[in-house]
Amino acid sequence: MACTLSMEAQAEGVETRGVVKNRSSFNPYDNNGGTCVAIAGEDYCVIAADTRLSTGFSILTRDASKIVQLSEKSVLGTSGFQADMKTLQKMLNAKNQVYRHQHNKEMSCPAMAQLLSNTLYYKRFFPYYTFNLLGGLDNEGKGCVYTYDAVGSYERVGYSVQGTGQQLVVPVLDNQLKSASPLLYPPQSTATPLTESEAVDIVKDTMASAGERDIYTGDAVEVVIINRQGIRRETFPLKKD
Amino acid sequence: MRTDLSCLDPPTLCRSRLPGLGAEEDVMGLLEKTVPGRLELPQVADLDAFEKSAVQMVKPSKGTTTLAFIYKDGVVVAVDSRASMGPYISSQTVKKVIEINPYLLGTMAGGAADCQFWQRNLGLRCRLHELGNKKRISVAGASKLLANILFSYRGMGLSMGTMIAGWDDTGPNVYYIDSDGARLKGQRFSVGSGSTYAYGVLDAGYKWDLKKEAACELGRRAIYHATFRDAASGGTVSVYHIGPDGWEKISGDDVNDLHYAYYPVQSTQQTPPEQSMTDVASTSSS
């Protein structure tokens, strides 16, 4: 994981001409751990995240949600630094409200994806330490998942994983989901051919496996499913160790 | 009307403007707002050290192979699609050709977010140029706009190695631009960790008088060979062609499929492996 610096203010001794000056520094970032998964299907989208919030080797809470609904058709899952996550959510909600007032309609998922990318890039020199997954239904009702890095580069994919358990989960999805690459030409659909219940099963299994081998993943999985009927949330327990 | 020379002013830090939230303005005023007036910088004592530690989370990957060359009938742009963060392959499906507008393409190498954001911003400014001048912007002009922005952010940690390719009044053009502020016009370029491998194939097969099909195949082969030998390149080879009427995507092929298309396995003939284990001669000892 990239950031291993702790949150405590650190005092460094700097020696100049034989005199030691203590210079304290403050690290603004922390990694609160956790794993997020998202899978796009023909007419559904599944986003799941564990609910453990940690700092260093301590667990701060076992039921913190990493997933938030931004609009009727888009749901955001974030791993990384949860304070930046909360602020990012507030920014996006505010911009979404402005959009609804100006355009008299809901933001579509692709529009929200672009907005999130720009919001992240405007803080290019003091980034939001967040690794985001945006899921929802596109304008044709097909499932879409957008995956981001910390400064806003994004792409539409058929599935994605972010967080501390990423490298444990993503090989399983690569193997099981049989999603075509979006770059093939003539283009093929990137949505997985799996059904909604199969996708939810895979998500539960992979999160449980990630919880076995990643110390930051565990406690419970929150699964959000978006389809034509609407958005519903389910929670499944994981091991608490 | 007085020419607006504010772009020549020294960049002022900490002047943050949120573009897109302004009221209706004339085109020239809008042009000012399109450059996100100096992205905000954090108020820290030691900016360089902070950015150095902050860039860890972004880890721009120059592990890539992209190429572009001009020939008689246009421009061929070919790219791979792998993004790596250190030894981990973070994505095999990155779109490294950015469609700035229907007749300009840009490639991505280095920081993905930097490339995506600034090339989208470039598309915005090219459109405003069209509206204000009733004429499409030239490739030289578009590349200059981008190069000037990058020069103004020089030293701040942006990482981009990009090629702007298009067809304008002077014919096919390709410019190489990077985050150090360089802007080079040329006939053929390759950028990224696999560029040396791509150059080998590209330079060997290049002629000005290539036909469209052969030119696209040359680009495809060059990227394929780079993905074969460079660990940080792979995924899918995307080939675009730019003609007088704009760009079109020619192909997107998985490199694994290309490998067996170019070098099919012959069942009757066993190709000797490059390296093989040899039996240790057994010695009667001890």
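These numbers come from a predicted model, not from an experiment.

## Side note on the sheet that holds strand β2 (residues 74-79) of chain B
Residue and element names in this part refer to chain B.
Next, step 1: Ordered in space as β10-β1-β2-β11-β12, the five strands form an open sheet in which the pairing is antiparallel. The open sheet has two edge strands, β10 (188-191) and β12 (246-254), and neither has a second partner. Across the sheet, the mean angle from the axis of one strand to that of its neighbour is 10°, orientation sign disregarded.
Next, step 2: Where helix α6 (residues 212-229) meets the sheet, it contacts β1 (66-71), β2, β11 (236-243) and β12, and its direction lies at approximately 155° from that of β1.

## Focus: the nonpolar core
Generally speaking, nonpolar side chains in soluble globular proteins are found buried as a group.
Next, step 1: By size, the foremost hydrophobic cluster in this structure holds 33 residues, and its most contacted members are L104(B), W118(B), L146(B), Y153(B) and I164(B).
Next, step 2: Broken down by secondary-structure element, the contributors of at least two residues to this core are α2 (109-122) of chain A together with β5 (97-101), α3 (112-133), α4 (139-152) and β8 (171-178) of chain B.
Next, step 3: Discounting residues that sit within four places of it in the chain, I164(B) has contacts with I100(B), L104(B), L105(B), G106(B), L122(B), V139(B), S143(B), L146(B), N173(B), V174(B), Y175(B) and I177(B).

## Side note on the sheet that holds β8(B)
Residues and elements named next belong to chain B.
Next, step 1: Here five strands make up an open sheet; going across it, the order is β5-β6-β7-β8-β9 and the pairing antiparallel. The outermost strands of the open sheet, each flanked by one partner alone, are β5 and β9 (183-186). Along the sheet, successive strands turn relative to each other by an average axial angle of 25°, direction set aside.
Next, step 2: Pairing geometry for β5 and strand β6 (residues 104-107), over four bridges, is antiparallel. Of the residues in β6, the one forming a bridge with N101 is L104.

## Quick notes on the pattern of salt bridges
Next, step 1: Scanning the entire structure with this criterion turns up 20 salt bridges over all chains.
Next, step 2: D138(A) serves as the salt-bridge partner of R156(A), at 3.1 Å between the closest nitrogen and oxygen. Within this pair, whereas R156(A) is found in strand β11 (residues 154-157), its partner D138(A) is found in the loop between β9 (130-137) and β10 (143-148), the two being separated by 18 residues in sequence.
Next, step 3: The salt bridge partner of K212(B) is E248(B), with a shortest N-O separation of 2.5 Å. Remark: E248(B) occurs in strand β12 and K212(B) occurs in helix α6; sequence separation between them is 36 residues.
Next, step 4: Overall, K212(B) belongs to the partly exposed group, its relative accessible area being 33%.

## Considering the packing of helix α1 (residues 82-103) of chain A against α2(A)
Residues and elements named next belong to chain A.
Next, step 1: At a minimum axis separation of 11 Å, α1 and α2 run at an interaxial angle of 130°. In terms of axis orientation, α1 runs oblique to α2. In the crossing of α1 with α2, the sense of the turn from one axis to the other is right-handed. Along the contact surface, α1 presents L88, M91, L92, K95 and N96, while α2 presents M112, L115, L116, T119, L120 and Y122.

## Quick look at α2(A)
All names here are of chain A.
Next, step 1: Helix length check: α2, at 14 residues, gives a terminal C-alpha distance of 20 Å against a target of 20 Å (1.5 Å per residue), a fit within 8%.
Next, step 2: For α2, the buried fraction is high: 12 of the 14 residues fall into the buried class.
Next, step 3: Every buried residue of α2 is accounted for by C109, M112, A113, Q114, L115, L116, S117, N118, T119, L120, Y121 and Y122.

## A look at the packing of helix α3 (residues 166-176) of chain A against helix α4 (residues 196-213) of chain A
All names here are of chain A.
Next, step 1: Across the interface, α3 lies against α4 with an axial gap of 9 Å and an inter-helix angle of 150°. When the axis of α3 is compared with that of α4, the two are roughly antiparallel. For the element pair α3 and α4, the recorded crossing hand is right-handed. Contact with α3, carried on its side by L168, V169, V172, L173 and Q176, involves I202, T206, A210 and R213 of α4 and no other residues of that element.
Next, step 2: Across the contact of α3 with α4, the residue classes break down as six nonpolar, two polar and one charged.

## Focus: the interface of chain B and chain A
Next, step 1: Taken residue by residue, the interface counts 40 residues in chain B and 30 residues in chain A.
Next, step 2: Inspection of the region where chain B meets chain A yields one salt bridge.
Next, step 3: Among the ionic pairs, R124(A) bridges to D114(B), the shortest N-O distance being 2.6 Å.
Next, step 4: Those elements giving two or more residues to the side of chain B that touches chain A turn out to be α2 (47-54), β4 (88-91), α3, β11 and β12 of chain B.
Next, step 5: With seven residues, α3(B) is the single largest residue contributor to the side of chain B that touches chain A.
Next, step 6: The residue inventory of the side of chain B that touches chain A, partitioned by class, reads 20 nonpolar, 11 polar and nine charged.

Cut-offs used in this document
Residues numbered from 1 in each chain as written. Chains lettered and ligands numbered in written order. Predicted model: local features only at pLDDT ≥ 70, side-chain atom pairs only at ≥ 80, totals over all residues. Heavy atoms only, no water. Pairing = 2+ DSSP bridges. Helix = DSSP H or I, 4+ residues; strand = E, 2+ residues; numbered from the N terminus. Axes fitted to C-alpha atoms, helices over the stretch in contact; angles between N-to-C directions. Contact = heavy atoms within 4.5 Å. Core = buried A, V, L, I, M, F, W, Y, C linked by side-chain atoms within 4.5 Å. Buried < 20%, exposed > 50% of the residue type's maximum accessible area, 1.4 Å probe, protein only. Salt bridge = Lys/Arg side-chain N within 4 Å of Asp/Glu carboxyl O. Parallel < 35°, antiparallel > 145°, perpendicular 65-115°, else oblique. Left-handed = near helix turned anticlockwise from the far one by under 90°. Expected span 1.5 Å × (residues − 1). Nonpolar A, V, L, I, M, F, W, Y, C, P; charged D, E, K, R; others polar.

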